[in-house]
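For reference, the chains in residue letters:
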Amino acid sequence: MSKDLYDEVAELLITKRSAVALTGAGASAESGVPTFRGSGGLWTIFRPEDIATPEAFFRDPENVWRWYKWRLEKLFEAKPNPGHYALAEMERLNILRCVITQNVDELHRVAGSKCLIELHGSIRRMRCVSCGYTERIDDLSRLETLPPKCPRCGSIMRPDVVLFGEPIPMIEWTRALSETYKAKIMLVVGTSGSVYPAALLPHIAKERGSIIIEINPEETELSDIADIIIRAKSGEALPKILERIKKLL
Ligand code: OAD
Ligand code: ZN
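First, a word on what this report is: a plain description of the structure on this page. Keep in mind it's a predicted model, so treat the numbers as computed, not measured. (Residues numbered from 1 in each chain as written. Chains lettered and ligands numbered in written order. Predicted model: local features only at pLDDT ≥ 70, side-chain atom pairs only at ≥ 80, totals over all residues. Heavy atoms only, no water.)

## A look at the packing of helix 9 (residues 170–182) against helix 10 (residues 200–207)
- Taken N-terminus to C-terminus, the directions of helix 9 and helix 10 make an angle of 30°; their axes are 9 Å apart at the nearest point. The angle between helix 9 and helix 10 places the two elements in the roughly parallel class. Remark: the crossing between helix 9 and helix 10 carries right-handed chirality. Taken together, the residues of helix 10 that come into contact with helix 9 (itself represented by Trp-173, Ala-176, Leu-177, Thr-180 and Tyr-181) are Leu-200, Leu-201, Ile-204 and Ala-205. (Axes fitted to C-alpha atoms, helices over the stretch in contact; angles between N-to-C directions. Helix = DSSP H or I, 4+ residues; strand = E, 2+ residues; numbered from the N terminus. Parallel < 35°, antiparallel > 145°, perpendicular 65-115°, else oblique. Left-handed = near helix turned anticlockwise from the far one by under 90°. Contact = heavy atoms within 4.5 Å.)

This is how it looks when you write it as structure tokens:
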């Protein structure tokens, strides 16, 4: 039987043994978590400047929290999909070093990814705007009265995510850069590549001679720099790659 793209990617991953994945909202689409852009995307229903900027938060924290509460309600029902599990398994097999994600849903963690860099924070945490105290959100009880108050200093809590116009925390960004420098392959999964600085990472990897593999059913702003493109859903493509890897190992 002749080799296909999945065989080619599996062989490359095994030969180089130094891959990193950059994931975006598309990686969680098959878990029922909406993406931001494209049909049905959150930014086609809501305006980011109304709910996803620090200005919007301080203007009307209750409104911003209502939106996050709605997203959390949906997220509590979401489970990782086969794409998340395939990436976690590739890490266990020493094929993948790390997952760098723009997603705030923690589904990679639930699926078992250990080396995980969450560039945009987590929707399952909140943080005090004054003293920095952070707290996990495991159910909606703390979100009955909005905005929630800090148990330590009484100030208001905010979602522990990166809002538009805010920098990525230095620790996450430094780790992401370091993993990007070490990787010989970058899997770019389910991201439109339109939000910076996250979208810089594939460009940096490319510049350093890494092989860029895009997995996305649609063309993106990163397609031009991709060496290999798999036009498929990540929940279908990643398990196929994993299956081929296991056959070859
Ligand atoms: P986008 O919503 O911009 O892009 C989602 C991408 O996923 C698109 O390229 C889709 O074609 C692709 N996609 C859809 N279904 C897929 C599937 N089943 N498998 C694989 N790919 C699929 O999401 P991001 O690129 O993650 O930032 O957006 C980046 C950032 O913009 C987010 O982290 C968020 C947003 O504003 C902040 O909140 C700071
Ligand atoms: Zn506080």
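On we go from here.
## Observations concerning unusual backbone geometry
- A cis amide bond links Leu-146 to the next residue, Pro-147, at an omega of -5°.
- Its location among the elements puts Pro-147 in the loop between strand 5 (134–136) and strand 6 (157–161).
- Looking along the chain, the bond that leaves Tyr-196 and enters Pro-197 is cis, with omega of 10°.
- Along the chain, Pro-197 falls in the loop between strand 7 (185–189) and helix 10.
- The residue Arg-17 is not glycine, and still its phi comes out positive at about 50°.

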